[in-house]
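Commentary on secondary and tertiary structure
Take a look at the letters that make up each chain.
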Amino acid sequence: MGNVIEIRDIVRDFQLGQETVHVLKGIDLDIERGDYVAIMGPSGSGKSTLMNLLGCLDTPTSGSYNLNGKDVSKMSDDELADIRNKEIGFVFQTFNLLPRTTALDNVALPMVYAGASKKERVARAEEVLNDVGLADRMDHRPNQLSGGQRQRVAVGRALVNKPSIILADEPTGNLDSKTGYEIMNLFDEIHKAGNTVIMVTHEEDIAAHAKRVIRLRDGIIESDTRN
Ligand SMILES: Nc1ncnc2c1ncn2[C@@H]1O[C@H](COP(=O)(O)OP(=O)(O)O)[C@@H](O)[C@H]1O
Ligand SMILES: [Mg+2]
C-alpha cells in the first residue's frame, strides 16, 4: 500500500520571549496508507503539536514531512491551505462547528473551498451525513444537536473531500463514555472503509481500537507497537 506519511527528524521549537521551548525533539515516523494509529502520551508531551504538523496547520522548525508524495515542510501558507483542504480531515475535541450553520452546510463547507458546485456539495454532504448516522438531522444547527451528534457532523465534515488522512485530536475527550464509544465505532467503520485514521487519546480503551499505538514522552517517540 505504501506510506501516506513520511516524517524525518522533525523538530518543533516555540519561542516564548527570550526562552526557546523544545517541544518535538526529532521525530521519525512512517504511516502506511489504510493504517489506524493511536498517539498517546502524558499531557504536554507534544501530541497536539505533532497532530497540528501532520494536519498542515503548522510547519516544523526543521526536518521533512512528505504527505502523499509531496514535501509539505517547505510550502507557503497558501499551498498548505490547499493541501489541508484536499488531503486532511481534522476532528477536534471541541467539534469546532460553525454555530449558526446547519449540519448540512457545516459538512458541505470544505467543498466550497474545493470548488464544487452547489448541487455536488449538497449531494455529497447528504451522502456523508447519512454515513455518519445523521440522515434525519441535516437541517439542525449545532445547538440543536447532542455532543455526540455534533462530533458526527465534525466527522462528516472531515470526510467530505475524501482526504488522504483523517486526524482526530482527543475526539472523545468532551463526550461521556457511552457516546465516546459510539464515536469510536464510527472511526472503526471509517477505517474499515479504507481510510487512514490517526487519533490522539489518553485512554487505553480508546487506543485499543487502533492497530498501532505510538507513545510520545517529552517530545520523542518512546514506543511504537502493534495491537
Ligand atoms: N504555541 C506555543 N507556544 C509555546 N509553547 C507551546 C505552544 N504550543 C505548545 N506549546 C508547549 O508544547 C508542549 C506540548 O504541548 P502539546 O503538543 O499541546 O501537548 P499535548 O497535546 O501532548 O498535551 C507544552 O509544554 C506546551 O506548553
Ligand atoms: Mg493535546
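Read on for an overview of the structure. All residue numbers refer to positions counted from 1 along the written sequence of the respective chain. Starting at A for chains and at 1 for ligands, labels are handed out in the order in which the entities are written. Selection of residues for local features in this predicted model requires a pLDDT of at least 70, selection of side-chain atom pairs for listing and counting requires 80 or more, and totals for whole chains, interfaces and linings are taken over all residues. Each side-chain value is worked out from all heavy atoms of the structure, with water and hydrogens disregarded.

1. Here's the deal with the sheet that holds strand β5 (residues 70-71)
- A sheet is described by the order of its strands in space; here four strands give the open sequence β2-β1-β4-β5, paired in antiparallel fashion. Unpaired on one side and paired on the other, β2 (19-32) and β5 mark the two borders of the sheet.
- Here a strand pair is declared whenever DSSP counts at least two bridges between the two strands. A run of H or I in DSSP becomes a helix once it reaches four residues, and a run of E becomes a strand once it reaches two; helices and strands are each numbered from the N terminus. Alignment of strand β1 (residues 3-16) against β2, held across 11 bridges, turns out to be antiparallel. Bridging across to β2, I10 finds its partner in I27.
- Of the strands in this sheet, β1, β2 and β4 (62-67) touch helix α1 (residues 47-54), which is tilted by about 125° from β1. Any two residues whose heavy atoms approach within 4.5 Å at even a single point are treated as in contact. In this description, a line fitted to the C-alpha atoms serves as the axis of each element, helices being fitted only across the stretch in contact, and the angle between N-to-C directions of two axes falls anywhere from 0 to 180 degrees.

2. Observations regarding the sheet that holds strand β9 (residues 212-217)
- Read from one edge to the other, the open sheet built from six strands follows the order β6-β7-β8-β3-β9-β10, with strand pairing classed as mixed. Only two strands of the sheet have a single partner each, and these edge strands are β6 (88-91) and β10 (220-226). When the angles between neighbouring strand axes are averaged without regard to direction, this sheet yields 15°.
- Bridging between β6 and strand β7 (residues 165-169) involves four bridges; their strand directions are parallel. Among the inter-strand pairings, V91 is bridged to a residue of β7, identified as A168.

Read these as layout, nothing more, since geometry by itself doesn't imply function.
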